[in-house]
Every structure is written in C-alpha cells, then in structure tokens.
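What follows is each chain in one-letter form.
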Amino acid sequence: MTPQMDARLSELLRAALDGDQAAYANFLREIAGLVRATIGRRVGSSSGLDPEDIVQETLLAIHLKRHTWRADSPLGPWVHAIARYKIVDAFRRHGRAVSVDIDDFSDQLASEEQRTVSERDLERALECLTSGQRDVVSAISLEGKSITETATRLGMKETAVRVALHRGLAAIAQRFGGGG
Amino acid sequence: MRTDDLIKAIAADTGRKEAPIGRTWLLCVTAGFMLAALVFSVLLGPRPDFQAVLSTIRFPLKFLLVAILLASTIPLVQALARPGARPPMWAALAAPTAVVIAVLVELSVLPREAWVSSWIGTNLWVCLTYIPLIGLGPLAIMIAALRKGAPTRPVLTGAMAGVVAGGVAAMFYAAHCTDDSPLFVAAWYSIAIGILAGVGALAGRYALRW
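Residues numbered from 1 in each chain as written. Chains lettered and ligands numbered in written order. Predicted model: local features only at pLDDT ≥ 70, side-chain atom pairs only at ≥ 80, totals over all residues. Heavy atoms only, no water.

(A) Main features of the confidence of the model for chain A. Residue and element names in this part refer to chain A. Averaged over every residue, the pLDDT of chain A is 81; the share at 70 or more is 76%. Across chain A, the secondary-structure element scoring lowest on mean pLDDT is helix α5 (residues 115–118), at 43, and the one scoring highest is helix α1 (residues 3–17), at 92. Here residues 115–119 scores under 50 on pLDDT; set against residues more than four positions off or in separate chains, the count is five contacts. (pLDDT = per-residue confidence, 0-100. Helix = DSSP H or I, 4+ residues; strand = E, 2+ residues; numbered from the N terminus. Contact = heavy atoms within 4.5 Å.)

(B) Structural view of the pattern of salt bridges. All names here are of chain A. On inspection of all chains with the given rule, the structure shows 13 salt bridges over all chains. Among the ionic pairs, Glu52 bridges to Arg36, the shortest N-O distance being 2.8 Å. Within this pair, whereas Glu52 is found in helix α3 (residues 51–64), its partner Arg36 is found in helix α2 (residues 21–42), the two being separated by 16 residues in sequence. Arg36 gets classed as buried once you look at its relative accessible area, which sits at 12%. Glu143 is the partner of Arg153 in a salt bridge, and the nearest nitrogen-oxygen pair spans 2.3 Å. (Salt bridge = Lys/Arg side-chain N within 4 Å of Asp/Glu carboxyl O. Buried < 20%, exposed > 50% of the residue type's maximum accessible area, 1.4 Å probe, protein only.)

(C) Quick look at the interface of chain B and chain A. Taken together, the contact pairs 35 residues of chain B with 55 residues of chain A. Here chain B packs against chain A, burying approximately 3,900 Å² in sum over the two surfaces, 60% of which is carbon and sulfur. Here chain B and chain A share one salt bridge between them. With a shortest N-O distance of 3.4 Å, Asp4 of chain B and Arg29 of chain A are connected by a salt bridge. Remark: the boundary between chain B and chain A carries 11 residue pairs in polar contact (both at pLDDT 80 or more). For the side of chain B that touches chain A, the element with the most residues is helix α1 (residues 3–12) of chain B, which contributes 10 residues. Along the lines of polarity and charge, the residues of the side of chain B that touches chain A split into 17 nonpolar, six polar and 12 charged. (Buried area = accessible area lost by both parts, 1.4 Å probe. Polar contact = N/O pair within 3.5 Å; in protein donor to acceptor, adjacent residues only side chain to side chain. Nonpolar A, V, L, I, M, F, W, Y, C, P; charged D, E, K, R; others polar.)

(D) How the structure looks around the packing of helix α7 (residues 124–147) of chain B against helix α8 (residues 154–176) of chain B. Residue and element names in this part refer to chain B. Look at α7 against α8: their axes get within 7 Å of each other, and the N-to-C directions meet at 130 degrees. On the basis of the axis angle, α7 is oblique to α8. Two packed elements cross with a definite hand, and for α7 against α8 that hand is right-handed. Of the residues in α8, those touching α7 at Val126, Cys127, Tyr130, Ile131, Ile134, Gly135, Pro138, Leu139, Met142, Ile143 and Leu146 are Thr157, Gly158, Ala161, Gly162, Val164, Ala165, Gly166, Val168, Ala169, Ala170 and Tyr173. Looking at the contact of α7 with α8 residue by residue, the class counts come to 17 nonpolar, five polar and no charged. (Axes fitted to C-alpha atoms, helices over the stretch in contact; angles between N-to-C directions. Parallel < 35°, antiparallel > 145°, perpendicular 65-115°, else oblique. Left-handed = near helix turned anticlockwise from the far one by under 90°.)

(E) Geometry of the packing of helix α5 (residues 94–109) of chain B against helix α9 (residues 182–207) of chain B. Residues and elements named next belong to chain B. Across the interface, α5 lies against α9 with an axial gap of 8 Å and an inter-helix angle of 140 degrees. Classified by the angle their axes make, α5 and α9 are oblique. For the element pair α5 and α9, the recorded crossing hand is left-handed. When α5 is examined against α9, the residues Val99, Ala102, Val103, Glu106 and Leu107 are found in contact with a partner set consisting of Pro182, Leu183 and Ala186. Tallied by class, the residues present in the contact of α5 with α9 amount to seven nonpolar, no polar and one charged.

Quick look at the structure:
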C-alpha cells in the first residue's frame with residue numbers, strides 16, 4: 001500500500017468511524033479489492049476454499065474489530081495483519097497448516113469480484129441467523145434499504161433494527177468459524 | 001451473499017462503537033489489581049514485620065523485580081491485541097535479565113552454605129499455591145478484555161496475559177512472603193507465574209480466536 005493510498009483509505013475510515021456510511025462503503029469496497037487480489041494468488045481452485053468467503057470474512061473482521069485501529073497509526077499494516085490472520089485461519093480450518101507469506105499490498109492491483117463466485121447461495125450466509133436478524137440483514141443488503149426504511153417495513157424501532165443488524169453480522173462472522 | 005451486498009449491511013451498522021482496545025486493556029489490568037488486592041487481603045495479608053523489613057535490601061528488591069515485569073509486559077500485551085502493531089518482544093526479556101543479575105549478585109554475597117536454604121526457603125508451597133490462586137481472577141478479567149481486541153497470535157497473547165496476571169499476584173504475594181532471597185524469587189515466583197502463563201496460553205487458544 002503506497003503512503004498516498006494509506007492516507008486516502010485512513011481518511012475514509014476516519015469518516016466512517018464518525019458515522020459516514022457512504023465513506024464506509026467506499027472504504028470496504030477498496031479493501032475488498034486489495035484483499036481479493038492477495039488471496040486470489042494464494043488460494044487455488046483445487047484447495048476447496050472459496051476465496052470470496054475469505055474476502056467476506058476479512059471485511060467482517062475489519063468491521064467488528066475497527067476499534068483496534070488507532071486513527072493516528074498507518075492503516076496498511078493493520079488491514080494486512082487482519083487479512084493475513086483470516087487467510088491462515090481459513091487454511092487451518094481446512095486442516096492445512098500453511099505459512100502464508102504475503103507481501104504488503106504494494107504491487108497488487110485490486111481485483112473485481114467474479115460473477116461465478118457471486119452466484120453464491122444466499123441461504124448459506126443467512127442460515128445461521130434468527131428470522132428477525134435475517135429479515136433485517138436481507139432488507140439492508142439485498143434490497144439496499146436504509147435503517148429507517150427497514151424499521152418502517154418490519155414495524156420495528158430503529159434501535160431494534162440496529163441491534164438485529166449488528167448481531168446478525170456478528171453471527172455471520174461466527175459462522176465462518178473464528179470461534180470466540 | 002454477494003460481497004457488495006455484505007458491504008451494504010456492514011456500512012449500515014455504524015451505531016455501536018467499542019471503546020479503543022488500549023483503554024479497555026488498561027482498565028481491566030486496573031480491575032485485576034483491585035481484585036488481587038481483595039483476594040490477597042482476605043486470604044493472606046502482609047507479613048507482621050512489613051514496616052521493619054522495608055528498610056532491608058532484599059525485601060524491596062522483590063517489588064522492584066515484579067515492577068520491572070509489569071512495566072515491560074503490560075504494554076507488550078496491549079500491542080499484541082492490535083493487528084499490525086509490531087509488539088516489542090524483546091521487552092519480555094527485561095524481567096528475566098533483571099532476575100539473573102539479582103541472582104548473580106546474591107550468589108556473590110551469600111556464603112556457599114546458605115545457597116540451598118535461601119533457594120528452598122520456607123514458603124515454597126505457599127508461593128506455588130497463592131500466586132496462581134490470586135492471579136486467576138485478574139487473568140479472567142484480562143482475557144475478557146483481550147476478547148474485545150484482535151490478537152493475531154492468540155496463544156502467545158494469552159500466555160503473556162498470564163504473565164501479567166502472575167506479576168499482579170506476585171506484587172501482593174511478595175508482601176506476605178518471608179523468603180526474600182533473589183534465589184527463592186528466581187526459582188519459585190517464576191514457576192508460579194509460569195503456571196498462570198500456561199493457563200493463559202490455554203485460555204488464549206480457545207477464547208482469543210476471532
């Protein structure tokens with residue numbers, strides 16, 4: 001990651017931590033591209049691992065652990081350490097110890113999500129959720145509704161929608177098998 | 001779920017924010033100290049001649065060694081809980097180095113006949129029982145704090161948390177124990193703290209993955 005890129009992404013994440021959802025979405029898309037490029041080269045099609053799973057796992061980890069980033073420290077090493085941990089973890093769960101030697105994101109171009117992997121089964125990600133969480137998560141993610149719209153549609157309070165969304169995301173992260 | 005859809009859901013989840021992990025960790029270390037103080041005062045209490053021995057050399061030295069251990073390992077664990085923070089692992093050598101120096105000096109000033117009795121002391125089993133016992137509560141609090149963090153080396157992080165908990169316990173236990181020789185401290189405090197490090201490593205393996 002170049003210093004300029006680090007600065008730009010740090011700026012986005014700082015805005016996101018202050019509640020800017022658009023900045024957060026941009027940040028996550030850029031990070032997804034970087035992580036996807038890194039993982040794509042490590043995870044072959046024969047490994048039985050779905051690279052896009054690891055991308056999503058990493059995004060969830062970054063989200064749920066965003067309070068471990070210090071706004072005054074560089075972003076690259078932080079993102080890199082989380083991605084690396086998630087890649088090693090995915091391999092470990094598939095019964096293979098690997099020493100993952102990932103260089104920094106420096107010389108890699110971000111890559112797009114492939115159509116084939118995007119046809120993934122929705123149920124697989126959502127099956128671990130309670131029905132209430134599933135309603136909320138799918139309204140916001142698949143239909144692109146806002147918190148307010150979701151609350152109106154489901155007849156819930158906004159705070160309840162927020163709680164269900166947060167717990168739902170934590171449950172999806174758990175499903176990936178990270179344990180505690 | 002498509003990654004783009006997941007991103008929409010994540011971006012909408014901006015409501016709850018955890019406290020910075022460094023602050024959580026230091027708060028929980030403080031809470032660990034208070035819990036250790038409570039357990040210590042209920043179970044053991046300071047030795048009766050506490051005031052008098054403060055002016056000796058060996059008694060205060062015990063606290064200095066434990067203080068070095070805590071000062072070097074508390075920031076280390078704090079860094080271990082943050083991804084990409086490059087924890088200064090050499091800091092873990094500060095306390096062992098200080099202990100080795102203390103032992104060498106002790107051996108040079110103590111007559112050879114007194115070596116074994118200073119090493120074995122009279123409180124060996126009390127030490128091996130109470131340091132782990134006093135440290136267990138603080139260790140549980142510290143593991144709970146670290147679960148909020150993101151340690152990329154969970155076993156090592158748990159073990160080092162065990163060392164911090166052991167240091168907290170030793171800080172209080174040292175006020176009770178009448179064996180002040182660095183030979184005793186080097187042998188038995190180390191084993192007692194090592195037991196907590198082992199418990200911490202095990203806890204790290206199961207509780208600190210994320």
